[in-house]
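Coordinates in review
Each chain is listed here by its residues.
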Amino acid sequence: QVQLAESGGGLVQAGGSLRLSCTTSGIIFVRNALGWYRQAPGAQREFVARIDTGGVTNYADSVRGRFTISKDNAKNTVYLQMNSLKPEDTAVYYCAATLFGNTRWGQGTQVTVSS
């Protein structure tokens, strides 16, 4: 059974930091591209960051330079380090694992940034 479990969300003041984790099971971790997406109230889900099987990363313009995606193959876990958080980063954050065009999603973790 495939499971992606996010953790690490919470309430933080603007300028603060959080680190999200997504622990996976039931997938061949090293063969999946891994990503983080977010969805703010009333908005569509949007791309945040991605790391491919070779460790190459890319980011949305809105988070580049502030967020860092990484993974630990031994722990089947992908991380999102978020620094210099802004109120507009408030959203539910989801991790995703994609293999051959098939994407699996976690349940999401709430991040709230107060001004």
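The present account deals with the structure reproduced in this document. (Residues numbered from 1 in each chain as written. Predicted model: local features only at pLDDT ≥ 70, side-chain atom pairs only at ≥ 80, totals over all residues. Heavy atoms only, no water.)

Side note on the state of the cysteines
What we call a disulfide is simply a covalent bond connecting the sulfur atoms of a pair of cysteines. Which entries qualify depends on this criterion: Two cysteine sulfurs form what is called a disulfide whenever their separation falls within 2.5 Å. Numbering of helices and strands runs from the N terminus, with a helix taken as a DSSP run of H or I at least four residues long and a strand as a DSSP run of E at least two residues long. Exposure is judged per residue with a 1.4 Å probe applied to protein chains only, and the accessible area is read against the type maximum: over 50% gives exposed, under 20% gives buried, and values in between give partly exposed.
Inspection of every chain in the model, using the stated rule, returns 1 disulfide. The side chain of Cys22 participates in a disulfide bridge whose partner is Cys95; the two sulfur atoms lie 1.9 Å from each other. Taken together, the residues span a long stretch of sequence, with Cys22 in strand E3 (residues 18-25) and Cys95 in strand E9 (residues 91-99) at a distance of 73 residues. Comparing Cys22 with Cys95, the two get one shared label, buried.

A closer look at the side chain of Glu6
Here is the rule: His is not counted, nor are the chain ends; Lys and Arg add positive charge and Asp and Glu add negative charge. Only one rule defines a salt bridge in this text: a Lys or Arg side-chain nitrogen within 4 Å of an Asp or Glu carboxyl oxygen. Distance and chemistry together define a polar contact, namely a pair of N or O atoms within 3.5 Å, with one atom able to donate a hydrogen and the other to accept it when in protein, and with adjacent residues in sequence counting only for side-chain atoms on both sides. Contact criterion: two residues are considered in contact whenever any of their non-hydrogen atoms come within 4.5 Å of each other.
Among the secondary structure elements, Glu6 is positioned in strand E1 (residues 3-7). It is Arg45 that comes nearest to the buried, bridge-free Glu6 among opposite-charge side chains, at 7.4 Å. Side-chain polar atoms of Glu6 contact the backbone nitrogen of Gln107, separated by 3.1 Å. A polar contact is formed between the side chain of Glu6 and the backbone nitrogen of Gly108, at a distance of 2.9 Å. The contacts of Glu6, once residues within four sequence positions are left out, are Ser21, Cys22, Trp36, Tyr93, Tyr94, Cys95, Gly106, Gln107, Gly108 and Thr109.

What about the pattern of salt bridges?
A side chain with one charge may pair with a side chain of the opposite charge, provided their charged atoms come close. Scanning the model with the defined rule gives 4 salt bridges in all. Across the salt bridge formed by Asp89 and Arg38, the nearest N and O atoms sit 2.9 Å from each other. In this pair, Asp89 sits in the loop between strand E8 (77-82) and E9 while Arg38 sits in strand E4 (residues 33-39), placing the two residues 51 residues apart along the sequence. For the pair formed by Asp89 and Arg38, the shared burial category is buried. Two residues, Arg66 and Asp89, come together in a salt bridge whose shortest N-O distance is 2.8 Å. A residue pair is termed long-range when its members are at least 10 positions apart, and Arg66 in the loop between strand E6 (57-59) and strand E7 (67-72) and Asp89 in the loop between E8 and E9 qualify at 23 residues. Exposure remark for Arg66: the relative accessible area of 11% places this residue in the buried category. Judged by its relative accessible area of 1%, Asp89 is buried. Among the charged side chains, a salt-bridge network with shared partners connects Arg38, Glu46, Arg66 and Asp89.

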